[in-house]
Amino acid sequence: MIKEEKINSRQFTLLVIMFTVGSSIIIIPSALVNESRQDGWISAILAMIIGLLLVWVYTTIGKRYSGKSLPLIIEQVMGKKLGKLIILLYFFFSFTLAALVLRNFGDFLNTKIMVETPLEAIHIMFLIPIVYAVKLGIETYSRVAEITFPFILLLLFLLMVLSVPQIELTNIQPIFGEGIKTITGGSLAMIGVPIFELFILTTFFSTVNEPKNIKRSFFIGILIGCSILILITLFTILILGVHLTGLKMFPTYVLAKKISIADFLQRVEIIVAAVWGITLFFKLVLCFHASLIMFAKGFSIKNYRILVIPMSIILFIYSLIAYPNSAYFIEFATKTWLSFGMTFGLVIPLIILIISFIKKPSKTN
Amino acid sequence: MILASIIIFIVILSISIEWPLLKNKEISQTFSYFSLLALGITLTTLYGLDVKLPNPLDAITYLFRPISTGIFNLFK
């Protein structure tokens, strides 16, 4: 009854890029700069290297279990009872992430663009396409990713080119001025937010039609996605300076506001909002989809599609009560998220990897 | 009030969309569908009545904050 869905490795790469860039692009510069000052972009490079290592771990797990998706791997490695528990924990992780991402978008629109619209209205409007996309399945929305990706690249290119006249090189000097230790400490900010979350994408390993290409496409996706983040961080530091970047909640948006070509081309900040909206849509869809797959697997429900609408109502409420104000969010994202993400993005995958080396995966399944 | 009417609309829409799937004799599937829907409606009603709902993030903060602090101290 349930049709097997397949995407090709190029579409998977695009989804990885969207997942990495989404929601981080607009908030990551201030998190990086607050820790490692003008060397924030070096921290981002370091985070990318760690990300590549982690992706190696994830793809090795995927390869050892011949491209199965994450819930099946966990069940095979941990046994039935413990496996189900861990799958439900992963459900909680990705569901929480989905709620936070949704709230992030709502907060951004509510504070910057549509100030008088109630948060609930924004969330409902944004959830409708999400529900639709998840109901149609990964095949459909990865095709949407193929269509929208050129626009994202174009808009980002435009943003960077237009802001070149504002660059002040003194803003990133002295390079390495804060010492190696600060740089490594600062990279934790980026490792926590997009890098540890990447483990959610292993849920979709089984949908890629060429399992041997997963490793390559995952690596390329991380490289491109993190490069975009590094460039954005570099540009915000170069143009806004350390102090202003650290103060703002949405520094990339402020960066776009600064663009002014001959007093004529101004107020192009909606470019950033568009890029953010598109990439965030994919991140939210992927998180929500993954959480539904986990939930269905954890409770042995055959078809996850039936749960989409009830779950979306719960997601809606979760995103509204998730945090009372932005200060709570910044505190949570910078202080608590790291270890929460580390448990699910590093510790459990490493345990799975070690067990998979001890216990030979059976070929028959 | 508006929220309640939207939710009722969504619920009716949802049941009418999923009806072909719900008619199957998958009891666990139908059960989970309706229990999740009931949970969603309850939560929305409570939210609409301005009841303070417990925030799962507080629990996460309580559990994971000490570990994070430890990691950050390593790099200080």
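Residues numbered from 1 in each chain as written. Chains lettered and ligands numbered in written order. Predicted model: local features only at pLDDT ≥ 70, side-chain atom pairs only at ≥ 80, totals over all residues.

Identification of chain A as Spore gernimation protein from Filobacillus milosensis is taken from an unreviewed UniProt entry. What the UniProt record of chain A gives under Subcellular location (unreviewed entry) is the line "Membrane". (UniProt positions renumbered as here; feature names shortened; annotations may be inferred.)

(A) Molecular detail of the overall build of chain B. Helix and strand counts for chain B stand at three helices and zero strands. For chain B, the C-alpha radius of gyration of 20 Å lies well beyond 11 Å, the compact-globule estimate for 76 residues. Across its three principal directions, the C-alpha atoms of chain B cover 60 × 35 × 15 Å. Taken across its 76 residues, chain B has 17% of its residues classed as buried. (Helix = DSSP H or I, 4+ residues; strand = E, 2+ residues; numbered from the N terminus. Rg over C-alpha atoms; globule rule 2.2 N^0.38 Å. Buried ≥ 20, exposed ≤ 12 C-beta atoms within 10 Å, placed from the backbone.)

(B) Expanded view of the packing of helix α7 (residues 138–163) of chain A against helix α11 (residues 270–298) of chain A. Residues and elements named next belong to chain A. At a closest axis distance of 9 Å, the pairing of α7 and α11 adopts a crossing angle of 155 degrees. Judged by the inter-axis angle, α7 sits roughly antiparallel to α11. Note that α7 runs across α11; the crossing there is left-handed. In contact with Ile-138, Tyr-141, Ala-145, Thr-148, Ile-152, Leu-155, Leu-156, Leu-158 and Leu-159 of α7, α11 contributes Ile-271, Val-272, Ala-274, Val-275, Ile-278, Thr-279, Phe-282, Val-285 and His-289. Split into classes, the residues belonging to the contact of α7 with α11 amount to 15 nonpolar, three polar and no charged. (Axes fitted to C-alpha atoms, helices over the stretch in contact; angles between N-to-C directions. Parallel < 35°, antiparallel > 145°, perpendicular 65-115°, else oblique. Left-handed = near helix turned anticlockwise from the far one by under 90°. Contact = placed C-beta atoms within 7 Å. Nonpolar A, V, L, I, M, F, W, Y, C, P; charged D, E, K, R; others polar.)

(C) Fine view of the nonpolar core. Among the nonpolar cores identified, the biggest contains 139 residues, and Ala-98, Leu-284, Val-285, Leu-292, Leu-307 and Leu-315 of chain A are the most heavily contacted of them. Excluding anything up to four places from it in sequence, Val-285 of chain A contacts Ile-130, Ala-133, Val-134 and Tyr-141 of chain A. (Core = buried A, V, L, I, M, F, W, Y, C linked by C-beta atoms within 7 Å.)

(D) Here's a closer look at the interface of chain A and chain B. Contacts between chain A and chain B engage 30 residues on the former and 32 residues on the latter. It is helix α12 (residues 308–321) of chain A that contributes the most residues to the side of chain A that touches chain B, eight residues altogether. Looking at the side of chain A that touches chain B, its residues break down into 19 nonpolar, seven polar and four charged.

(E) Quick look at the environment of Thr-42 of chain B. Residues and elements named next belong to chain B. Its location among the elements puts Thr-42 in helix α2 (residues 27–48). Assessed through the 12 C-beta atoms surrounding it within 10 Å, Thr-42 is described here as exposed. When the C-alpha atoms of Thr-42 and Ile-2 are compared, they prove to be 16 Å apart, with 40 residues separating the residues in sequence.

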